[in-house]
Protein chains: 2
Amino acid sequence: MSDLIYPAKIPEPALRRLPWYLSYVKLLKSQGETIVSSTRIAKKIDVSASQIAKDLSYVDISGKTRVGYDIDDLINVLESFLGFTKTHRAVVFGVGSLGGALLSDSGLEQFGLKIIAGFDLNPAIVNHTIHGIPVFHSNEFTERNREIKGEIGVLTVPPGVAQEVSDYMIRGGVKGIWNFTPFRIRVPEGIVLQNTSLYAHLAVMFNRLNG
Amino acid sequence: MSDLIYPAKIPEPALRRLPWYLSYVKLLKSQGETIVSSTRIAKKIDVSASQIAKDLSYVDISGKTRVGYDIDDLINVLESFLGFTKTHRAVVFGVGSLGGALLSDSGLEQFGLKIIAGFDLNPAIVNHTIHGIPVFHSNEFTERNREIKGEIGVLTVPPGVAQEVSDYMIRGGVKGIWNFTPFRIRVPEGIVLQNTSLYAHLAVMFNRLNG
């Protein structure tokens, strides 16, 4: 099995759908099932069977015609492909309410994200730990990160300093920024950016509720 | 000013961009600015000036040609339009690590989401409070919600029960589901669904980091 070489770079929309399939086949496994077809996944999830088969063609698994995929294989291959079985080291910048909450969310580690440190300016939390994770002064980041080697920077600072802190994390060695602020930051080429805008999701929810 | 009647239903992509503009103009305000043009917003955010002007045409504000928008007005109108100035009552189902973290995130309230209760099966937390928010047994939801009137249900249960719990919350009166599980749930017509898939974002980040 080739762990690292796949036929083509998977498009982002396909990549975003894979966790849905994984989640559903894990449910089937817990119900004692062993085989699943793309048609069956399609019935449960609002994606066509042909799209599912196409999405799964990017990962290293083959289904048997008229039978389907072996569920154990599919789970293993998807978890590995999605990076959930590897450990990715992350630092959290801005240990306010959301940042502190993420430090407390041990569930992320099951999906491959290990938060190794928080950074903040607030003297009330600097040099303390939250759920066993140390919080350091932001000024120490560059030096600390030489040792702790955070690869992903989780951005939960006030929006007004989001760009500045993102630049600072990148200078300190992070390769990916997970932006939780509503600020639209920019990153240099070669740096991976993912935006999770809770507030945009809230805005859509509120607007549609009132519509 | 009409608070509730707008010319047309705003498309979701436009709605999702509005918080970016809000965030940027709040930054400008904090720097002492009073007027901003769509061209200036466009320079900072990766959206064209004409798209920004079009997006802002859905909200009740008009810019002056060659001058721009009054920043205070724009902030007020956007916050109101996005629903951030109203209180929306929410319940959290599944007070595990992520659910508990959301109960602890007081920042959501500034954006109009007030979490009034958590529901769970775990005897260790049922009938306790987290950050002052009561956690009740899930079985009590229907009865409790007649009194507490949660309008939005935040879904942070294990994926295997996501659909079932979503159905249960809707029967108990919630009108919107904010789904944090990787499970692709379905809701009846008239119910608002927003998916925030942290794991899908992680998957994209991991894949691109290794690519």
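Residues numbered from 1 in each chain as written. Chains lettered and ligands numbered in written order. Predicted model: local features only at pLDDT ≥ 70, side-chain atom pairs only at ≥ 80, totals over all residues. Heavy atoms only, no water.

Chemist: Please set out the domain arrangement of chain A residue by residue, giving values where relevant.
Modeler: The domain architecture assigned to chain A consists of domain 1 (12-82) and domain 2 (88-202). Look at where the C-alpha atoms of domain 1 of chain A and domain 2 of chain A centre, and you get two points 32 Å apart. (Domains from an automatic or database assignment.)

Chemist: So what's going on with the relation of the copies chain A and chain B? Which residues, and what values?
Modeler: Once chain A is rotated about the relating axis by 180° and shifted along it by 0.0 Å, it coincides with chain B to within an RMSD of 0.0 Å. On the angle and the small slide along the axis, the relation comes out as a two-fold axis. Taking C-alpha positions as the reference, the residue of chain A nearest the rotation axis is Ala101(A), at 2.2 Å. Residue by residue, 100% of the interface of chain A is reproduced at the interface of chain B, so both copies engage with the same surface. (Least-squares fit on C-alpha atoms with pLDDT ≥ 70 in both. Contact = heavy atoms within 4.5 Å.)

Chemist: How would you explain the sheet that holds strand E7 (residues 152-155) of chain A if you had to name every residue and give the values?
Modeler: Residues and elements named next belong to chain A. Pairing is mixed across the open sheet formed by 7 strands, whose spatial order is E5-E6-E4-E3-E7-E8-E9. Strands with a single pairing partner mark the edges of an open sheet, and in this sheet they are strand E5 (129-130) and strand E9 (192-195). Here strand E4 (residues 113-120) runs beside strand E6 (residues 133-137); their pairing, made up of 3 bridges, is parallel. Considered in E6, the bridge of Asp120 is made with His137. (Pairing = 2+ DSSP bridges. Helix = DSSP H or I, 4+ residues; strand = E, 2+ residues; numbered from the N terminus.)

Chemist: Could you give an account of the interface of chain A and chain B, with specific residues and numbers?
Modeler: Across the boundary between the two partners, chain A contributes 63 residues, which contact 63 residues of chain B. Of the roughly 6,000 Å² buried where chain A meets chain B, counting both sides, 68% is carbon and sulfur surface. Counting the surface chain A buries against chain B, the share from its top three residues, Arg184(A), Phe206(A) and Arg208(A), is 12%. Counting every contact that joins chain A to chain B gives 0 salt bridges. For the interface between chain A and chain B, the tally reads 12 residue pairs in polar contact (both at pLDDT 80 or more). Looking at the side of chain A that touches chain B, the elements with two or more residues in it are helix H1 (12-30), helix H2 (38-44), helix H5 (97-104), helix H6 (107-110), strand E8 (176-179), E9 and helix H9 (198-210) of chain A. Considering each element in turn, the side of chain A that touches chain B owes the most residues, 13 residues, to H9(A). Of the residues belonging to the side of chain A that touches chain B, the class tally is 34 nonpolar, 16 polar and 13 charged. (Buried area = accessible area lost by both parts, 1.4 Å probe. Salt bridge = Lys/Arg side-chain N within 4 Å of Asp/Glu carboxyl O. Polar contact = N/O pair within 3.5 Å; in protein donor to acceptor, adjacent residues only side chain to side chain. Nonpolar A, V, L, I, M, F, W, Y, C, P; charged D, E, K, R; others polar.)

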